Amino acid sequence: METLEFKIRIKAPAQKVWEVLWNDETYKKWTSVFCEGSYTISEWNEGDKIHFMSPNGEGMYSVIETKTPNEYMAFKHIGEIKDFKEQPLNEETKKWSGAMETYRLIPDDEFTDLIALVDSGEKFIDYFKEVFPKGLEVVKELSEK
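What counts, and where the lines are drawn
Here the residue numbers are simple positions, counted from 1 along each chain's written sequence. Given that the model is predicted, a residue must reach a pLDDT of at least 70 before its local features are reported, and side-chain atom pairs must reach 80 or more before they are shown or counted; all residues, however, enter totals for whole chains, interfaces and linings. To get the side-chain values, take all heavy atoms of the structure and skip hydrogens and water. Basic side-chain nitrogens of Lys or Arg form a salt bridge, by our definition, when they fall within 4 Å of a carboxyl oxygen of Asp or Glu. A helix here means a DSSP run of H or I that spans at least four residues, while a strand means a run of E at least two residues long, and both kinds are numbered starting from the N terminus. Three exposure classes are used, based on accessible area relative to the maximum for each residue type with a 1.4 Å probe and protein chains only: buried under 20%, partly exposed in between, and exposed over 50%. Axis angles are defined between N-to-C directions and span 0 to 180 degrees, where every axis is a line fitted to C-alpha atoms and, for a helix, only to the segment in contact. When an angle is under 35 degrees it counts as roughly parallel; over 145 it counts as roughly antiparallel; between 65 and 115 it counts as roughly perpendicular; any other value is oblique. Every residue pair with non-hydrogen atoms within 4.5 Å of one another is taken to be in contact. Lys, Arg, Asp and Glu make up the charged group, whereas Ala, Val, Leu, Ile, Met, Phe, Trp, Tyr, Cys and Pro make up the nonpolar group; the residues left over, Gly among them, are polar. To estimate how far a helix should reach, multiply one less than its number of residues by 1.5 Å. Given a residue, its bend is the angle between the two axes fitted to the seven residues that end at it and to the seven that start from it. Handedness of a crossing is defined here by the sense of rotation of the near helix relative to the far one, left-handed for an anticlockwise turn of less than a right angle and right-handed for a clockwise turn.

Trainee: Help me understand the pattern of salt bridges, please; the structure alone is not making it clear to me.
Mentor: Any two side chains of opposite charge can pair if their charged atoms end up close together. On inspection of all chains with the given rule, the structure shows 14 salt bridges. The residue K29 makes a salt bridge to E25 at a minimum N-O spacing of 3.7 Å. Of this pair, K29 and E25 are both found in helix α2 (residues 24-31), 4 residues apart, which corresponds to roughly one turn of the helix. Given a relative accessible area of 39%, K29 falls into the partly exposed group. Overall, E25 belongs to the exposed group, its relative accessible area being 54%. The partner of K123 in a salt bridge is E92, with the nearest N and O atoms 3.7 Å apart. Here the residue K123 occupies a position in the loop between β8 (111-120) and α4 (125-143), and E92 occupies one in helix α3 (residues 91-94), the gap between them amounting to 31 residues. Each of R9, D108 and D113 takes part in a single network of salt bridges with overlapping partners.

Now the structure itself:
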């Protein structure tokens, strides 16, 4: 597992960036770079389970490990979803179960620095390095409107 870091500087207050990241409508826009039509099922409370879904019923289930509004969100990824159902852990998912994905917002005058850290298995590193910056560009664009 390798931890990848992605940073972007956004000319908007942290509260606006936070809303763009986690508001249902804008979340769908910035995550469409990963999978068109992706969405979440969650109440967005710390300690709650969250389902990261694709329109075809596949995805991943995780736990919101830490949520500090306008500052920090941490997801611990647990396992896979197929046919809209959580799957038991198998040898493949055990390799990445427990992987973290975090988002930190650091206000700096009229800017907010967004830093995302993603634990990735080797086979997804190149994909994330290509796609994650595109997602953060969409967050920047939506936040600066």
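Trainee: Help me out: how do you make sense of the packing of helix α1 (residues 14-22) against α2 in this one?
Mentor: Two numbers describe a pair of packed helices, the interaxial angle and the distance between the axes. Put simply, α1 and α2 touch, their axes get as near as 5 Å, and they point 75° apart. Comparing the axis directions of α1 and α2 gives the class roughly perpendicular. In this structure, α1 uses E19, V20, L21 and W22 to contact α2, whose residues at the interface are D24, T26, Y27 and W30. Counted by class, the contact of α1 with α2 contains 5 nonpolar, 1 polar and 2 charged residues.

Trainee: Can you walk me through α4 in this structure?
Mentor: One full turn of an α-helix is made of 3.6 residues, so residues set three or four places apart face in the same direction. The terminal C-alpha atoms of α4, which comprises 19 residues, lie 27 Å apart, in line with the 27 Å expected from a rise of 1.5 Å per residue. The largest bend along α4 reaches roughly 25° and is located at V131, with the proline P133 sitting one to four residues downstream. Within α4 the residues assigned to the buried category are I125, F128, V131, F132, G135, L136, V138, V139, L142 and S143.

Trainee: Would you mind showing me how to read the environment of I8 here?
Mentor: Among the structural elements, I8 can be located in strand β1 (residues 2-10). A residue is classified by how much of its surface remains accessible, and I8, at 11% relative accessible area, is buried. Expressed as a C-alpha distance, the spacing of I8 and E137, which sit 129 residues apart in the sequence, is 7.7 Å. Aside from chain neighbours lying at most four places away, what touches I8 is T112, D113, L114, L136, E137 and K140.

Trainee: Just checking my understanding: could you explain the environment of G37 for this structure?
Mentor: Structurally, G37 is set in the loop between α2 and β2 (39-41). On the accessibility criterion, G37 (38% relative accessible area) is partly exposed. Taking C-alpha positions, G37 is 19 Å from E141, a pair spaced 104 residues apart along the chain. Leave out the neighbours within four places in its chain, and G37 touches M53 and P55.

Trainee: Whenever I open this one, the packing of α1 against α4 confuses me. Can you help?
Mentor: In contact at an axis separation of 9 Å, α1 and α4 are set at 125° when each is read in the N-to-C sense. The angle between α1 and α4 places the two elements in the oblique class. Handedness of the α1/α4 crossing: right-handed. From α1, K16, V17, V20 and L21 reach across to α4, where they touch V139, L142 and S143. Looking at the contact of α1 with α4 residue by residue, the class counts come to 5 nonpolar, 1 polar and 1 charged.

Keep in mind these numbers describe shape, not what the thing actually does.
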